[in-house]
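# An overview of the molecular structure
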Amino acid sequence: MKKKSVLSAIVAYTILIIAAVLTLAPFSLSIMTALREPSDFLRQGPIHLPDPATIENFTALFTGPHSFVTPFAVTAQMVAVILVGQIVFSILAAYAFAYLQFPGRDLLFWAFIATLLVPQVVVVVPLFLAFQEMGLRNTFWALVLPFMFGSPYAVFLLRENFRSVPQELLDAMRVDGAGHLRLIRNLVVPLNRPIIVTLVVITVVTHWNSFMWPLIITTGDTWQTLTVATSALSTQYNNNWTMVMAATTLAMIPLILLYLVFQKQVAQSIGGTELR
């Protein structure tokens, strides 16, 4: 039995190591390429250690004619506004679907969740035409308005977790005169902090990496996001892949730091949602 246990552990760790290598390989290749000179990249090929290592690709992103300062600022502002809007409106909607009684509540909830089945590409053209008619094309509000009023995925997760709050606690606070906003602020949100933090991470990653909608709804450099600016490098600099990888590496750093800060809450939320 002991030999079987050791063998199982060896097999499990081998699979985990292989999975880790396959997952980290693209990130390692991105960093290696970002630290290389263009001539070294062309001469040695993509899979090669920097010889010599240089940070010129990173400095060029902020000192060149098309600086990445504006795309970083635009992306950070866009993600911040969308994050606040999505979390606030998703919490309010999930609370209403979980605790408030009104006609057609369940039908409305499942109809709202059914919109997850609609591919994003289907609604791009109607959204584009609507924003063009409103005169909001190529503005900051065009980047954030379609996404800041909650999402079906977030409402679903929050509703299922909110319904796990003991009814006795809710009744006790209602007896003390607590209204809906006080219940949300002092009871429901604190008890569901891990899933809310997980949604924060998911929302930031999703919209930090958003590409199709910013590419379609904006033109020029004024409201250019990181993903669009990075994509433009491949033609703007004659396919200078070392600079493209430098931009990609810089874009990854905030997301990695975000996950490292909130990894415990994300781990706590895994497996905590069940359909009720």
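Definitions and cut-offs
Here the residue numbers are simple positions, counted from 1 along each chain's written sequence. Restriction of local features to residues with pLDDT of at least 70 applies here, the model being predicted, together with a cutoff of 80 or more for giving and counting side-chain atom pairs; totals for whole chains, interfaces and linings are based on all residues. Hydrogens are left out, water is left out, and the side-chain values use all remaining heavy atoms of the structure. UniProt positions are given in the numbering used here, feature names are shortened, and annotations may be inferred rather than shown by experiment. Each helix is a run of H or I in the DSSP string that is no shorter than four residues. Each strand is a run of E no shorter than two, and both are numbered from the N terminus. In a helix, the anticipated span is given by 1.5 Å times the number of residues less one. Only protein chains enter the accessibility calculation, which uses a 1.4 Å probe; a residue whose area is less than 20% of its type maximum is buried, one above 50% is exposed, and one in between is partly exposed. What the arc measures is the spread of directions leading from the helix axis to the C-beta atoms. By definition, residues are in contact when any of their heavy atoms lie within 4.5 Å. We count a salt bridge whenever a side-chain nitrogen from Lys or Arg sits within 4 Å of a carboxyl oxygen from Asp or Glu.

You'll find the protein chain entered in an unreviewed UniProt entry as Carbohydrate ABC transporter permease, with Dermabacter vaginalis given as the organism. Per UniProt, the protein chain carries the Subcellular location (unreviewed entry) text "Cell membrane". For the record of the protein chain, the UniProt heading Sequence similarities (unreviewed entry) holds the text "Belongs to the binding-protein-dependent transport system permease family."

## Focus on the UniProt feature "transmembrane region" (unreviewed entry) in the protein chain
The sites that UniProt annotates as "transmembrane region" (unreviewed entry) are residues 7–29, 78–100, 107–128, 140–158, 195–216 and 241–262. Within residues 107–128, the helical portion is 77% and the strand portion 0%, while the C-alpha atoms at the span's ends are 29 Å from each other. Along residues 195–216, the helical share is 86% and the strand share 0%, with 32 Å between the first and last C-alpha atoms.

## Quick word on helix 10 (residues 180–191)
Helix length check: helix 10, at 12 residues, gives a terminal C-alpha distance of 15 Å against a target of 16 Å (1.5 Å per residue), a fit within 8%. Those residues of helix 10 that fall on the buried side of the exposure criterion are Leu183, Ile184, Leu187 and Val188. Take helix 10 and look down its axis: the buried residues cluster within an arc of 135°, on one side only. Those residues of helix 10 that are exposed and aimed more than 90 degrees away from the buried face are Leu181 and Arg185.

## Some points on unusual backbone geometry
Phi at asparagine 138 takes a positive value of approximately 60°, unusual for a residue other than glycine. With respect to the helices and strands, the residue asparagine 138 is situated in the loop between helix 6 (120–133) and helix 7 (140–144).

## So, helix 5 (residues 105–114)
Taken together, the buried positions of helix 5 are Arg105, Phe109 and Ile113. Down the axis, helix 5 shows its buried residues gathered within 65° of arc, on one side only. Against helix 4 (69–99) and helix 8 (152–162) lie the buried residues of helix 5.

## Regarding the pattern of salt bridges
Scanning the model with the defined rule gives four salt bridges in all. Note that aspartate 40 and arginine 36 form a salt bridge whose closest N and O atoms lie 3.0 Å from each other. Among the residues examined, arginine 36 registers a relative accessible area of 0% and is labelled buried. A salt bridge links arginine 159 to glutamate 160; its shortest N-O distance comes to 2.4 Å. In terms of burial, arginine 159 and glutamate 160 fall into one category: buried.

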